[in-house]
Amino acid sequence: VGSIVQPLLWLSLFGLGWASATRGPQPSITGIDYPSFLAPGAALMGVFFASFMAGIAVIWDREFGFLKEVLVAPVPREATILGRALGDSTIAVLQGTIILAVAKPIAPEISIYGFPAMMLVMFLVALGFTSLGIAIGSRMTSMEGFQLINTFISMPAILLSGVFFPVSSMPKWMRLLAMLDPLTYGVD
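To keep things clear, this report deals only with the structure shown in the data block. (Residues numbered from 1 in each chain as written. Predicted model: local features only at pLDDT ≥ 70, side-chain atom pairs only at ≥ 80, totals over all residues. Heavy atoms only, no water.)

Moving on, we come to the overall build of the protein. A tally of helices and strands in the protein yields nine helices and zero strands. Taken across its 188 residues, the protein has 42% of its residues classed as buried. Put simply, of all contacts in the protein between residues at least 6 apart along the chain, 75% involve residues at least 24 apart. When the accessible surface of the protein is summed, it comes to about 10,200 Å², and 73% of that surface belongs to carbon and sulfur atoms. (Helix = DSSP H or I, 4+ residues; strand = E, 2+ residues; numbered from the N terminus. Buried < 20%, exposed > 50% of the residue type's maximum accessible area, 1.4 Å probe, protein only. Contact = heavy atoms within 4.5 Å. Areas by Shrake-Rupley, 256 points an atom, 1.4 Å probe, with all protein chains shown as cover.)

This part is about the packing of helix H3 (residues 54-63) against helix H7 (residues 143-160). Helices that pack against each other are described as a pair by the angle of their axes relative to one another and the distance between those axes. Here H3 crosses H7 at 175°, and the two axes come no closer than 10 Å. On the basis of the axis angle, H3 is roughly antiparallel to H7. Between H3, through Gly55, Ile56, Ile59, Trp60 and Glu63, and H7, the contact on the second element is made entirely by Met143, Phe146 and Gln147. Classifying every residue of the contact of H3 with H7 by side-chain character gives five nonpolar, two polar and one charged. (Axes fitted to C-alpha atoms, helices over the stretch in contact; angles between N-to-C directions. Parallel < 35°, antiparallel > 145°, perpendicular 65-115°, else oblique. Nonpolar A, V, L, I, M, F, W, Y, C, P; charged D, E, K, R; others polar.)

Further remarks concern H3. Burial within H3 is extensive, with seven of its ten residues counted as buried. Within H3, burial applies to Ala54, Gly55, Ile56, Ala57, Val58, Ile59 and Asp61.

Here we come to the packing of helix H2 (residues 34-52) against helix H6 (residues 115-139). One way to put it is that H2 packs onto H6 with a least axis distance of 7 Å and a crossing angle of 30°. Between H2 and H6, the angle is such that the two are roughly parallel. Relative to H6, H2 is oriented so that their crossing is right-handed. Contacts between H2 and H6 involve Pro40, Ala43, Leu44, Val47, Phe48, Ser51 and Phe52 on the former and, on the latter, Met118, Met122, Val125, Ala126, Phe129, Thr130, Leu132, Gly133 and Ile136. (Left-handed = near helix turned anticlockwise from the far one by under 90°.)

Time to look at the layout of surface pockets. A volume near 510 Å³ is recorded for the largest pocket. Those elements giving two or more residues to the lining of the largest pocket turn out to be H2, H6 and helix H9 (182-187). When its residues are assigned to classes, the lining of the largest pocket shows 13 nonpolar, eleven polar and two charged. (1 Å grid on protein atoms, 1.4 Å probe; cavity = no way out; pocket = protein on both sides within 12 Å on 5 of 7 lines; lining within 4 Å. Points joined across faces, edges and corners; volume = space filled by probe spheres on them.)

The full count for this structure, using the stated rule, is one salt bridge. The partner of Asp88 in a salt bridge is Arg84, and the shortest N-O contact between them spans 3.3 Å. Separated by four residues within a single helix, Asp88 and Arg84 lie in helix H5 (residues 77-103), roughly one turn from each other. Note on Asp88: relative accessible area 17%, which makes it buried. (Salt bridge = Lys/Arg side-chain N within 4 Å of Asp/Glu carboxyl O.)

Okay, structure coming up:
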């Protein structure tokens, strides 16, 4: 619930508040209202946070011994990691889909015809960041350390991705950084 509520708060409070402050559609936001611009990014923000946090589950499993039980199972380790990544990615996509469904009344210009393509993009983003989270989490020994890395990665990734404002309106140096951010391509 927390993973779904946070992007919806951004969408409703920030999106509607910003739209009211600027009074109407902005040409720099492709001619649509701001909540409709923000909705896909809010969904991807939810997918990003849900998928990247898969790394903390690996630390949790190791700390409480469940990982040892999984590793002694007669299953290749690659299959275990792939299963974990696919499962966490599926949950992240479901959360993103819920965010989009709830966002539809707030963001009337988003098209339901784009949902299948959006779900594919959400899955690819989720799989990529779930894999990154698992890779980082498998090397970490403390949840606190993972939280520090999470903040170090997530804030720039979200702010540079084009969730809140178009990448085309960024200063040139910021656009270059945004092009290095894999989340930018999912939001786009």
